[in-house]
Amino acid sequence: MGFLIVGFILLFILTSLPSLWTKHILNKYRTPHPDIAGSGLQFAEHLVNKLGLKGVRIEETDQGDHYDPIEKVVRISTANAHSNSLTAITTVAHEIGHALQDKEDYPELKQRTALIERAAMMQKFAGFALMLTPILIPLTHSPMVGIMTFGAGFIAMGVPVIIHLSTLPVEFDASFKRALPLLEEGGYLSKKDHKTAKTILFACAMTYVAASLSSLFNLWKWLKAIKAR
């Protein structure tokens, strides 16, 4: 029993460290930068115009920085939209990197988008099935209900793992093959800040590593709970 508790704690620490490190890096470089003239929102608008990303809109959001390939929208968090920090400018470049992927029909982005759309439908079905389970069990007394419940729960817990893992190549491509050249070749940052920008871009990609590990941890906890019943 003690071994299981230690294992649980170690697994929790390992799955939490990337998230904690990412948050630390992004927060560390949120202070206003004296050499950057515009805000994240202005920088995003500038890049969209410069790169000819026709049809791509810029929006401020409270849901976190991301690019929506379905709506063709670069959404910038409020914290980054009105800031000229290294975190704001570099994060915007990362999201514009996704818009460039979309413009260039980057296959991995298309696959991820299709997977997310299918996963949303699967998770709706799983949620509906889990809602019905308490009603069906006393009515039917059928083992199929238990199998259906397990399947629905596995979909609900397992699909996020698949999505986050499939996202990683897309994120690293957006950071280092799109955003980094944009920042370096455009002369938006001093050479001194390039190293910091690389760290921030790595942190942007690592948000999905952290999400993957967190999803795996949640799936493991759920499977352990099922086994214990």
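(A) Region of the structure containing the side chain of Arg178. Within the secondary structure, Arg178 is located in helix 6 (residues 143-186). At 2.7 Å, the side chain of Arg178 forms a polar contact with the side chain of Asp173. With residues up to four places along the chain from it excluded, the contact list for Arg178 reads Gly97, Leu100, Gln101, Glu104, Tyr106 and Asp173.

(B) Spotlight on the sheet that holds strand 2 (residues 66-68). With mixed pairing, the three strands of this open sheet are ordered in space as 1-3-2. The open sheet has two edge strands with one neighbour each: strand 1 (57-61) and strand 2. Put simply, the sheet's adjacent strands are angled 25 degrees from each other on average, direction ignored. In the sheet, strand 2 pairs with strand 3 (residues 73-77) via three bridges, with the strands oriented antiparallel. By the bridge assignment, Tyr67 is partnered in strand 3 with Val74. Running over the sheet, helix 4 (residues 86-103) touches strand 2 and strand 3 and is turned about 25 degrees from strand 2.

(C) Quick peek at the pattern of salt bridges. Tallied over the entire structure, the rule returns eight salt bridges. Between Arg112 and Glu171 there is a salt bridge; the shortest N-O distance is 2.9 Å. With Arg112 in helix 5 (residues 107-140) and Glu171 in helix 6, this pair connects stretches of sequence that are 59 residues apart. Accessibility classification places Arg112 together with Glu171 in one group, the buried group. Asp173 is paired through a salt bridge with Arg178; the nearest N and O atoms lie 2.7 Å apart. In this structure, Asp173 and Arg178 share a single accessibility class: buried.

Procedures and definitions
Residues numbered from 1 in each chain as written. Predicted model: local features only at pLDDT ≥ 70, side-chain atom pairs only at ≥ 80, totals over all residues. Heavy atoms only, no water. Helix = DSSP H or I, 4+ residues; strand = E, 2+ residues; numbered from the N terminus. Polar contact = N/O pair within 3.5 Å; in protein donor to acceptor, adjacent residues only side chain to side chain. Contact = heavy atoms within 4.5 Å. Pairing = 2+ DSSP bridges. Axes fitted to C-alpha atoms, helices over the stretch in contact; angles between N-to-C directions. Salt bridge = Lys/Arg side-chain N within 4 Å of Asp/Glu carboxyl O. Buried < 20%, exposed > 50% of the residue type's maximum accessible area, 1.4 Å probe, protein only.

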